[in-house]
Amino acid sequence: MADVPGSDGSTGRRRAVAAGKPSSRVRMSAAQRREQLISIARQIFSERGFDATSIEEVAARAKVSKPVVYEHFGGKEGLYAVVVDREVRALLDRITTALTAGHPRELLEQAAMALLTYIEEETDGFRVLVRESPVLSATGNFSSVMNDVAHQVEHILGAEFSSRGYDPKLAELYSQALVGMVALTGRWWLEVRKPRKETVGAHLVNLAWNGLSHLEAKPGLITARDR
């Protein structure tokens, strides 16, 4: 039985709309597509590492063809380098921005908490950074990030050593030791996630600031006392 158009022609309009119904899929701009691919790759590299990740899987999750990924990044190495570079800058920015206090112990707390907060909030990104890849140089991995942080800490320790009559040349050694301790503890905490972040930070600073011979029984963060 054929449709009988109403007096207002509504049936005809419904057919016209149905025939010309736009697709629900929104076409992305080149910049939007690039950001989407970076986000998807970041997650896959976090889950699988560089070697086990394929352009095919990135393209499949993004629902595009492989040539689209190649067009933006040139290949898996290019895509991986972009993801790592972003994480390196993001982590360094967090730590640099956090270092605002005047007292060395507070600066140590701020650096430790900035790293732990990054691990907590950007877990995928941190996993990408701590996975070593043969395609990257020494300037594009987690070790290089920690070296940059250590150089910042070195300046802080150097001033503190000079004011106390210690040899400022030892500041580099101590900065590497301190940053290495926090970084390795962060990698461990990434998997276990306990105790809570603030407790981990307090104990790290307790060990670094007081030393094994002057450990406090129940350490706390002095920067948290004013909250």
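Analysis parameters
Residues numbered from 1 in each chain as written. Predicted model: local features only at pLDDT ≥ 70, side-chain atom pairs only at ≥ 80, totals over all residues. Heavy atoms only, no water. Helix = DSSP H or I, 4+ residues; strand = E, 2+ residues; numbered from the N terminus. Expected span 1.5 Å × (residues − 1). Buried < 20%, exposed > 50% of the residue type's maximum accessible area, 1.4 Å probe, protein only. Contact = heavy atoms within 4.5 Å. Phe/Tyr/Trp six-rings, centres within 6.5 Å; stacked < 30°, edge-to-face > 60°. Lys NZ or Arg CZ within 6 Å of the ring centre and 35° of its normal. Axes fitted to C-alpha atoms, helices over the stretch in contact; angles between N-to-C directions. Parallel < 35°, antiparallel > 145°, perpendicular 65-115°, else oblique. Left-handed = near helix turned anticlockwise from the far one by under 90°. Nonpolar A, V, L, I, M, F, W, Y, C, P; charged D, E, K, R; others polar.

Caption draft 1: Spotlight on helix α5 (residues 76-98). Its 23 residues give α5 an end-to-end C-alpha distance of 33 Å, which sits within 8% of 33 Å, the value for a rise of 1.5 Å per residue. Within the span of α5, buried status applies to Lys76, Leu79, Tyr80, Val83, Val84, Glu87, Val88, Leu91, Leu92 and Ile95. The secondary structure elements touched by the buried residues of α5 are α2 (30-52), α3 (55-62), α4 (66-73), α6 (104-121), α7 (123-130) and α8 (142-164).

Caption draft 2: The packing of aromatic side chains, seen in detail. Summed over all chains, the structure comprises six aromatic pairs. Summarising the aromatic geometry, the rings of Tyr118 and Phe126 are spaced 6.3 Å apart at their centres and angled 75 degrees between planes, so their arrangement reads as edge-to-face. By way of ring pairs, the aromatic residues Phe45, Phe50 and Tyr80 are connected into one cluster. One residue, Lys76, lies across the ring of Phe50, its end atom 4.3 Å from the ring centre. The ring of Trp189 has Arg193 lying over it, and the distance from NZ or CZ to the ring centre is 5.3 Å.

Caption draft 3: How the structure looks around the packing of α5 against α8. The geometry of α5 relative to α8 is characterised by a closest axis approach of 10 Å and an angle of 20 degrees between their N-to-C directions. As far as their axial angle goes, α8 and α5 are roughly parallel. Taken as a pair, α5 and α8 cross one another with a handedness that is right-handed. Across from Val88, Leu91, Leu92, Ile95 and Thr96 in α5, the residues of α8 making contact are Phe142, Val145, Met146, Asp148, Val149 and Gln152. Here the contact of α5 with α8 is composed, by residue class, of eight nonpolar, two polar and one charged.

Caption draft 4: Fine view of the environment of Tyr174. Here Tyr174 lies in helix α9 (residues 171-192). Each C-alpha atom of the pair Tyr174 and Gly158 lies 9.6 Å from the other, and the pair is 16 residues apart in sequence. Residues in contact with Tyr174, not counting those within four places in the same chain, are Leu157 and Phe161.

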